[in-house]
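# Residue-level structure breakdown
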Amino acid sequence: VQLVESGGGLVQPGGSLRLSCAASGFTFSSSAMSWARQAPGKGLEWVSGIYSDGSTYYADSVKGRFTISRDNAKNTVYLQMNSLKPEDTAVYYCATVSGGLDEYDYWGQGTQVTVSS
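### Points about the sheet that holds strand E1 (residues 2-6)
Strands sit in the order E1-E3-E8-E7 across an open sheet of four strands; the sheet is antiparallel. Edge positions in the sheet fall to E1 and strand E7 (66-71), since each of these pairs with one other strand and no more. The mean angle between the axes of side-by-side strands here comes to 15°, regardless of whether they run parallel or antiparallel. One ladder, built from six bridges, connects strand E3 (residues 17-24) with strand E8 (residues 76-81); its direction is antiparallel. The residue bridging arginine 18 from the neighbouring strand is glutamine 80, located in E8.

### Looking at the state of the cysteines
Overall, the coordinates contain one disulfide when judged by the stated rule. Between cysteine 21 and cysteine 94 runs a disulfide, and the two sulfur atoms are separated by 1.9 Å. Judged by the sign of its S-S torsion, about 45°, the bond between cysteine 21 and cysteine 94 is right-handed. Separated by 73 residues along the polypeptide, cysteine 21 in strand E3 and cysteine 94 in strand E9 (residues 90-97) bring together distant segments of the chain.

### Looking at the pairing of strand E11 (residues 111-115)
The alternating pattern of E11 places Thr111, Val113 and Val115 on a buried face, while none of Gln112 and Thr114, on the opposite face, is buried. As judged from the three bridges shared by strand E2 (residues 9-11) and E11, these two strands associate in the parallel manner. Within the sheet, the bridge partner assigned to glycine 9 lies in E11 and is valine 113. In the sheet, E9 pairs with E11 via three bridges, with the strands oriented antiparallel. Pairing of alanine 90 across the sheet is with valine 113, part of E11.

### Focus: the side chain of serine 31
You can see serine 31 is positioned in the loop between E3 and strand E4 (32-38). Using a relative accessible area of 15% as the deciding quantity, one classes serine 31 as buried. Not counting residues within four places of it along the chain, the set of residues in contact with serine 31 comprises Phe26, Ile50, Ser52 and Arg70.

### Overview of the nonpolar core
For soluble globular proteins, nonpolar side chains are generally found buried alongside one another. In this structure, Trp35, Phe66, Val77, Leu79, Met81 and Tyr92 are the most contacted members of the largest nonpolar core, which totals 26 residues. Looking at this core, the elements with two or more residues in it are E3, E4, strand E5 (44-50), E7, E8, E9 and E11. Of all the elements, E3 adds the most residues to this core, at four residues. Once residues lying within four places of it in the same chain are set aside, the contact partners of tyrosine 92 are Glu5, Leu19, Trp35, Ala36, Arg37, Val47, Phe66, Leu79, Met81, Gly110, Thr111 and Val113.

### Describing the pairing of strand E10 (residues 104-107)
As paired strands, E9 and E10 are joined by three bridges and run antiparallel to one another. Paired with alanine 95 across the two strands is tryptophan 107, which belongs to E10. Where E9 hands over to E10, the hairpin turn is made up of six residues, of which glycine 99 adopts a positive phi near 75°.

About the thresholds
- Residues numbered from 1 in each chain as written.
- Predicted model: local features only at pLDDT ≥ 70, side-chain atom pairs only at ≥ 80, totals over all residues.
- Heavy atoms only, no water.
- Pairing = 2+ DSSP bridges.
- Helix = DSSP H or I, 4+ residues; strand = E, 2+ residues; numbered from the N terminus.
- Axes fitted to C-alpha atoms, helices over the stretch in contact; angles between N-to-C directions.
- Disulfide = S-S within 2.5 Å.
- Buried < 20%, exposed > 50% of the residue type's maximum accessible area, 1.4 Å probe, protein only.
- Contact = heavy atoms within 4.5 Å.
- Core = buried A, V, L, I, M, F, W, Y, C linked by side-chain atoms within 4.5 Å.

Quick look at the structure:
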């Protein structure tokens, strides 16, 4: 299993970023996927998840601002992040999950998102 995140960077408050996670080594189309993040000095926080049927779920902290999606033809899961806030600053990871959306199996290396003026 390999997961490679990209798309992070520095953005001003109110700005947008789209993260991508390219997956390989497993049957992506039948797998649930999640995004999680870890802010400096804090624990891991589940952000969003998407099941193989396309149903999506979000943490309250990002609901209405973030959108998760998947492209099974490209074996890629995305996280569109709008109206970014300084408290969204974190390393963002994609992960395969089993059972619940916060029951992680495999992780990517993460991508840094910094929201600052």
